Amino acid sequence: MPEIMDGKRLAEEIKAEVRKDVGMLNERGFDVGLAVVLAGDNLASEQYFLAILRACKTVGITAYKYKFPDTVTINELLNIIHSLNADERINGILVLLPLPQRINARRVINSIAPEKDVDGLGAISVGRLAAEESTFQLFKDEYIEAVEECKFMPTLSSFIPCTPFGVIRLLEYYDIGLKGKHAVVISKSLAVGKPLSHMLLAKEATVTVCHRETKNLSAVTRQADILCTATGQQGLIKGDVIKAGVIIVDIGIKVLGDGRIVGDVDFDSIKDKASFITPVPGGVGPVTIAMLLENTVKSAKRSKFLKSPLMM
Ligand SMILES: NC(=O)c1ccc[n+]([C@@H]2O[C@H](COP(=O)([O-])OP(=O)(O)OC[C@H]3O[C@@H](n4cnc5c(N)ncnc54)[C@H](OP(=O)(O)O)[C@@H]3O)[C@@H](O)[C@H]2O)c1
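The sections below set out a description of the structure shown in this document. What you see is a predicted model, and the numbers here were worked out from it, not measured in a lab. (Residues numbered from 1 in each chain as written. Predicted model: local features only at pLDDT ≥ 70, side-chain atom pairs only at ≥ 80, totals over all residues. Heavy atoms only, no water.)

As for the overall build of the chain
We count it as follows: Only DSSP runs of H or I reaching four residues or more are called helices, and only runs of E reaching two or more are called strands; each is numbered from the N terminus. Taken over C-alpha atoms, the radius of gyration is set against a globule rule of 2.2 Å times the number of residues to the power 0.38. Whether a residue is buried, partly exposed or exposed follows from its accessible area with a 1.4 Å probe, protein chains only, as a fraction of its type maximum: under 20%, in between, or over 50%, in that order. For this analysis, residues touch if any pair of their heavy atoms sits within 4.5 Å. A 1.4 Å probe and the Shrake-Rupley method give the accessible areas. Residues count as covered only by the protein chains that appear here.
Scanning the chain from terminus to terminus reveals 11 helices and 11 strands. Over its C-alpha atoms the chain spans a radius of gyration of 19 Å, differing by no more than 12% from the 20 Å that the globule rule assigns to 312 residues. Here the chain, with 312 residues, has 51% of them falling under the buried criterion. Residue pairs at least 24 apart in sequence account for 73% of intrachain contacts in the chain once pairs closer than 6 positions are excluded. For the chain, the accessible surface area stands at approximately 14,300 Å², while carbon and sulfur atoms represent 53% of it.

Following this line, the structure appears as structure tokens:
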């Protein structure tokens, strides 16, 4: 049986650290705020929205909720983001995707100020990740050392996307080395596959990125030491397309008709071959939310530090 990578446990540990940081800022008279923008009636986004609000409450972050009907216009969304960019109470802004189809989602996401773009999906944040200007955040010890020496804090002006950042944290939590390993990522999406491939490269893995047009997908997946899949296709990964000992990170989420949530991996057929696996639910999902909270408190610390350097 593979070892189950328990995302809930890691998420609780990250949240405990966030709670401490929020408390430290509160003692100095600062509140930490996250604005969450939801437009339209997407059931999965609605559930994610509620889960974020609950998580904010547990760590003392104030959540500001902005809910719009499907008929919302792009100007309404841009206006709200412009006002949130200027709002001192708000340290992070998250716009839940997908937006209603009429809306140009990239224009909305790109309007978030990079220093408040806590899911790291705006063009500036994406560019900084690709240019390796924000990957230092992946190296926790070096990051903490640098922050203590106040070397990096002022330059922390963009964040790295929460889901792939959570994947890296989960692998590290289970002491899974990445250097020199062959990591196969199934997804080239902007939110998951592309940033994850950059992060794995920063960790010196050898990375192959696959998608719908990949020829002979199973020939590639069989080479993986670490297989990360984020397609939302139930049963895409079965025992016959992996090699023995592989580490599997299942990022996919599909809500079935009966309300059950499943990932991309057929657990029964891989259980005698894989060495580690993330469960769905309870794997990457909770860590994603914890990383969102961590990025938000980092943003708050940075902003307070920049505005009142003697306070920290
Ligand atoms: N656990 C979490 O915290 C978390 C966070 C975010 C997303 N998710 C889940 O992850 C999944 C992907 O989300 P997303 O927003 O990245 O979706 P997306 O933008 O639709 O991307 C899906 C990716 O999977 C690829 N793909 C789909 N079917 C495939 C197949 N049969 N073979 C090979 N590649 C295939 C697509 O290839 P093409 O590019 O060629 O179309 C695309 O690159 C969803 O299930 C979502 O719910 C989970």
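After that view, the rundown keeps rolling.
Thoughts on helix α3 (residues 74-86)
Note the cut-off: To estimate how far a helix should reach, multiply one less than its number of residues by 1.5 Å. To be clear, the arc concerns the directions from the helix axis to the C-beta atoms.
When the terminal C-alpha atoms of α3 are compared, their 19 Å separation across 13 residues agrees well with the 18 Å that a helix rising 1.5 Å per residue should span. Taken residue by residue, α3 has L77, L78, I80, I81 and L84 as its buried positions. End-on, the buried residues of α3 take up no more than an arc of 165 degrees, which puts them together on one face. α3 presents N79 and A86 as exposed residues on the side facing more than 90 degrees away from its buried surface.

Quick look at the environment of P100
Relative to the assigned elements, P100 resides in the loop between β4 (92-95) and α4 (105-110). Since its relative accessible area comes to 7%, P100 is described here as buried. Sequence separation between P100 and D268 is 168 residues, and the spatial gap between their C-alpha atoms is 37 Å. Residues in contact with P100, not counting those within four places in the same chain, are A39, G40, D70 and V72.

A short note on the side chain of T288
Spelled out, the test is: The term polar contact refers here to a pair of N or O atoms within 3.5 Å; inside protein, the definition further demands a hydrogen-donor-capable atom paired with an acceptor-capable atom, and it admits residues adjacent in sequence only when both atoms are side-chain atoms.
Tracing the backbone shows T288 in helix α11 (residues 284-307). Judged by relative accessible area, T288 falls into the buried class, the value being 7%. Polar side-chain contacts of T288 include one of 3.4 Å to the side chain of T163. When residues no more than four places from it in sequence are discounted, the contact partners of T288 are Y48, C162 and T163.

Any functional reading would require information beyond the geometric quantities listed.
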